[in-house]
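# Observations on chain architecture
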Amino acid sequence: MKITFLGTGTSQGVPVIACNCEVCQSLDYRDKRLRTAIHIEVDGKSFVIDAGPDFRQQMLRERIHKLDAVIFTHEHKDHTAGLDDVRAYNFFQKRDMPVYGREQVLEQIKREFAYAFAEIRYPGIPQINLCPIENQPFEIEGVSFLPIEVLHYKLPVFGYRIGDFAYITDVNYISAHELAKVKGVKVLVLGALRREKHLSHFSLSEAIEVFEKVKPEMGYITHISHQMGMHSDVEEELPTNIRLAYDGLSLVL
Ligand SMILES: [Zn+2]
Ligand SMILES: [Zn+2]
Ligand SMILES: [Zn+2]
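Quick look at the structure, then. (Residues numbered from 1 in each chain as written. Chains lettered and ligands numbered in written order. Predicted model: local features only at pLDDT ≥ 70, side-chain atom pairs only at ≥ 80, totals over all residues. Heavy atoms only, no water.)

## Here's the deal with the coordination of the zinc ion (ligand 1)
Angles between donor atoms at a metal ideally measure 109.5 degrees for a four-coordinate tetrahedral arrangement and either 90 or 180 degrees for a six-coordinate octahedral one. For the record, the criterion: Counted as donors are N, O and S atoms no farther than 2.8 Å from the metal, or 3.2 Å for Na, K and Ca; water is not among the atoms, and sites may therefore look incomplete. For four-coordinate sites, all angles between 85 and 135 degrees define a tetrahedron; for four- and six-coordinate sites, opposite donors beyond 155 degrees with the remaining angles between 65 and 115 define square planar and octahedral shapes respectively, and all other cases count as irregular. Type-normalised accessible area, obtained with a 1.4 Å probe on protein chains alone, sets the label of each residue: buried when under 20%, exposed when over 50%, and partly exposed for intermediate values.
Distances from the zinc ion (ligand 1) to its protein donors, namely D78 (OD), H79 (NE2), D170 (OD) and H223 (NE2), fall within the range 2.1 to 2.2 Å. Taken together, the four donor atoms coordinating the zinc ion (ligand 1) and their angles of 94 to 164° define a geometry best described as irregular. In terms of primary sequence, the donors binding the zinc ion (ligand 1) are separated according to D-H-x90-D-x52-H. Given the relative accessible area of 1%, H223 is considered buried.

Right under this line is the structure:
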């Protein structure tokens, strides 16, 4: 299995438009963060978790020539806005794109991309096959996904476990029952926005507490704000088995 971080930034990305802070002006490529998403290559299949506003750029950068499904964590725009660009895959693969998410997420997709679901469809619009999921294991083309239901303030969000890898972003609460599902993973990814406490996201120290409970071989932080600080400064303070993810980072499990 190969995991690639397509984007590791919070909803505004880093740099933030019009911001002159030191992080937004940093020349370190690891301080340039597109909106959060990952690509998973497993058993010859190719999946993305989330398709935010930078989806097109991410697919081009990573040269992803084949995509078997899009799996959504939740309905926020920074995770869904790029879905229209699955058109390229519709064209080359000659089939609808399967899109997985909770019922509420798919309802929002239908509203936001209403033209793709209209009775009379304009030629060239995205062809999407909505696949509702619940908090139960499911399979896509023989690959097993285990949802982990967490809270993002009051919004339920799905993290996913695929084999020894688990990915949970946009989270500030994980129940003991759901956290038990990630026990034994080699790599755990958690969203954490910044050092200070936040209403709907873990802070850095709250995420570290979760890593300490789960004890994965490696923990990675994603969904990072410019308020987190410079990548190199933050990493110096972290234990060696907890790293900040960065755009383009690939892991082979
Ligand atoms: Zn987000
Ligand atoms: Zn800034
Ligand atoms: Zn969100």
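Following the structure, the description resumes.
## What about the sheet that holds strand β3 (residues 45-49)?
The line we're drawing: Strands are labelled as partners when DSSP assigns at least two bridges between them. Secondary structure elements follow DSSP: runs of H or I of four or more residues count as helices, runs of E of two or more count as strands, with numbering from the N terminus. Comment: axis = line fitted to C-alpha atoms, over the contacting stretch for helices; angle = value between 0 and 180 degrees taken between N-to-C directions.
Ordered in space as β6-β5-β4-β3-β2-β1-β14, the seven strands form an open sheet in which the pairing is mixed. Looking at strand neighbours, the two that pair on one side only are β6 (128-132) and β14 (250-252), the edges of this open sheet. The sheet shows a mean angle of 20° between the axes of neighbouring strands, taken without regard to direction.

## A few points about the sheet that holds strand β10 (residues 165-168)
Within the open sheet, the seven strands sit side by side as β7-β8-β9-β10-β11-β12-β13. Their pairing is mixed. In this open sheet, the two edge strands, each paired with only one partner strand, are β7 (138-140) and β13 (242-244). Here the strands of the sheet are splayed against their neighbours by 25° on average, with no regard to which way each runs. As paired elements, β10 and strand β11 (residues 187-191) share four bridges and run parallel to each other. Paired with Y167 across the strands is V189, a residue of β11.

These figures capture arrangement, not role.
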